[in-house]
Amino acid sequence: MADQPNRVALITGGSRGIGLGIAETMAGSGFALAINGVRAATETAAAINGLRERGAVAEYFQGDVSVSADRQSLVNTVRGRFGRLDVLVNNAGVAPSPRADILDANEQSFDRLIGINLKGPYFLTQLVARWMIEQRKSNPEFHGVIVNISSVSATEASINRGDYCISKAGIAMATQLWAHRLAEHGIGVYEVRPGIIHTDMSAEVAEKYDKLIAGGLTVENRWGEPADVGRAVAMLARGDLTYATGNVLNIDGGLTLRRL
Ligand code: NAP
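What comes next is a walk through the structure. No experiment lies behind these values; they were computed from the predicted model shown. (Residues numbered from 1 in each chain as written. Predicted model: local features only at pLDDT ≥ 70, side-chain atom pairs only at ≥ 80, totals over all residues. Heavy atoms only, no water.)

**Details of the site of the ligand**
Part 1 of the reasoning: In the region of the ligand, 30 residues are neighbours, and Arg39, Asp64, Asn91, Tyr164 and Thr199 sit closest.
Part 2 of the reasoning: Between the ligand and arginine 39, the relevant distance is 2.7 Å, taken from an oxygen atom to a main-chain nitrogen or oxygen of the residue.
Part 3 of the reasoning: Between isoleucine 197 and the ligand, the recorded distance is 2.9 Å, taken from a backbone N or O atom to an oxygen atom.
Part 4 of the reasoning: Protein burial of the ligand: of its 890 Å² of free accessible surface, 94% is covered by the chains.
Part 5 of the reasoning: More than half of the atoms belonging to the ligand lie within 2 Å of the grid points that define the largest pocket.
Part 6 of the reasoning: Looking at the shell around the ligand residue by residue, the class counts come to 13 nonpolar, twelve polar and five charged. (Near = heavy atom within 4 Å. Polar contact = N/O pair within 3.5 Å; in protein donor to acceptor, adjacent residues only side chain to side chain. Areas by Shrake-Rupley, 256 points an atom, 1.4 Å probe, with all protein chains shown as cover. 1 Å grid on protein atoms, 1.4 Å probe; cavity = no way out; pocket = protein on both sides within 12 Å on 5 of 7 lines; lining within 4 Å. Sits in = over half its atoms within 2 Å of the grid points. Nonpolar A, V, L, I, M, F, W, Y, C, P; charged D, E, K, R; others polar.)

**Quick look at the side chain of asparagine 117**
Part 1 of the reasoning: Of note, asparagine 117 is situated in helix α4 (residues 107-138).
Part 2 of the reasoning: Since its relative accessible area comes to 2%, asparagine 117 is described here as buried.
Part 3 of the reasoning: A distance of 3.4 Å separates the side chain of asparagine 117 from the side chain of serine 167, its partner in a polar contact.
Part 4 of the reasoning: Not counting chain neighbours up to four residues away, the residues in contact with asparagine 117 comprise Gly93, Val94, Tyr164, Ser167, Lys168 and Ile171. (Helix = DSSP H or I, 4+ residues; strand = E, 2+ residues; numbered from the N terminus. Buried < 20%, exposed > 50% of the residue type's maximum accessible area, 1.4 Å probe, protein only. Contact = heavy atoms within 4.5 Å.)

**Overview of the sheet that holds strand β6 (residues 188-194)**
Part 1 of the reasoning: Spatially, seven strands are ordered β3-β2-β1-β4-β5-β6-β7 in an open sheet, and the strand pairing comes out parallel. Two strands close off the open sheet at either side, each with one partner strand: β3 (58-62) and β7 (248-251). Shown here is a sheet whose adjacent strand axes are inclined to one another by a mean of 20°, direction ignored.
Part 2 of the reasoning: Where strand β1 (residues 8-12) and strand β4 (residues 87-90) come together, three bridges link them in parallel fashion. From the neighbouring strand, alanine 9 faces β4, where its bridge partner is valine 87.
Part 3 of the reasoning: Running at roughly 180° to β4, α4 makes contact with β1, β4 and β5 (145-149) of the sheet. (Pairing = 2+ DSSP bridges. Axes fitted to C-alpha atoms, helices over the stretch in contact; angles between N-to-C directions.)

**Some words on the pattern of salt bridges**
Part 1 of the reasoning: As enumerated under the stated definition, the model contains twelve salt bridges in all.
Part 2 of the reasoning: A salt bridge links arginine 81 to glutamate 59; the shortest N-O distance between them is 3.2 Å. Note that arginine 81 is positioned in helix α3 (residues 68-82) and glutamate 59 in strand β3, a separation of 22 residues in sequence.
Part 3 of the reasoning: Judged by relative accessible area, which is 39%, arginine 81 ranks as partly exposed.
Part 4 of the reasoning: Take glutamate 59: its relative accessible area is 23%, and that puts it in the partly exposed class.
Part 5 of the reasoning: The salt bridge involving arginine 231 is made with aspartate 228; its shortest N-O contact spans 3.5 Å. Residue arginine 231 and its partner aspartate 228 are both found in helix α8 (residues 226-238); the two are separated by three residues, about one turn of the helix. (Salt bridge = Lys/Arg side-chain N within 4 Å of Asp/Glu carboxyl O.)

Structure (structure tokens):
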């Protein structure tokens, strides 16, 4: 299904977990894929080959989104390789290390997490937005899309990972800011809020979430899968949701639905 034949998407953290679920779904929509992560290319080869087997042009670009020089080099390299960028998916993220009560949590974990989960996507968006504006000026048909992967933690407080919650609440505001700023340039900016999704990140607390889901935490009684998030992002990337910049999509099986 090659309905986006010339469009290029950059997905941070795209070689495993939710990012890979997004990449696989977008491969099915015909996007060429620039996949970023911190692991060495040799460790991501199987994932990249899997995307190619789905018919996508896919390349891996190593770089740490929390480091300014890495972000600049990532954008330069993608530009050199593809010459255009239509979609940015800010997906890379980490959990606190360690998870700790906010009365005990340390500044090192806070700085690392905020650097990766909030500062990184905020300034990567700035770089990509400038390039998208350039593309729009030379081609009025150009429509950029930026998707931020936040979390239900943008609104649901977890006192053993305050830094994580703050980073996701920050991403929610960043989405609104960039949506306001970039609308005049035809660039849509959206936030996708996953709930509890099966990945390496959630593996260490899988038993806890198994019990919570069995006890009715979510309205749809199952774990989320990376493909659930992938379908939402691919819809936004294709431009299927129109006149809706700044919107939030909750992909959480109803976890955040209010009940009485
Ligand atoms: P994951 O399985 O741990 O994968 C994280 C990805 O982020 C990896 O690809 C990793 O790269 C990349 N990454 C980490 N630090 C990076 C850095 N400094 N620079 C560039 N890439 C970096 O996590 P996930 O569960 O798929 O989470 C993806 C996103 O969804 C995160 O933003 C997370 O907060 C959010 N989320 C997850 C859940 C959940 O239940 N899993 C729920 C809500 C929101 P490498 O592969 O190279 O290590």
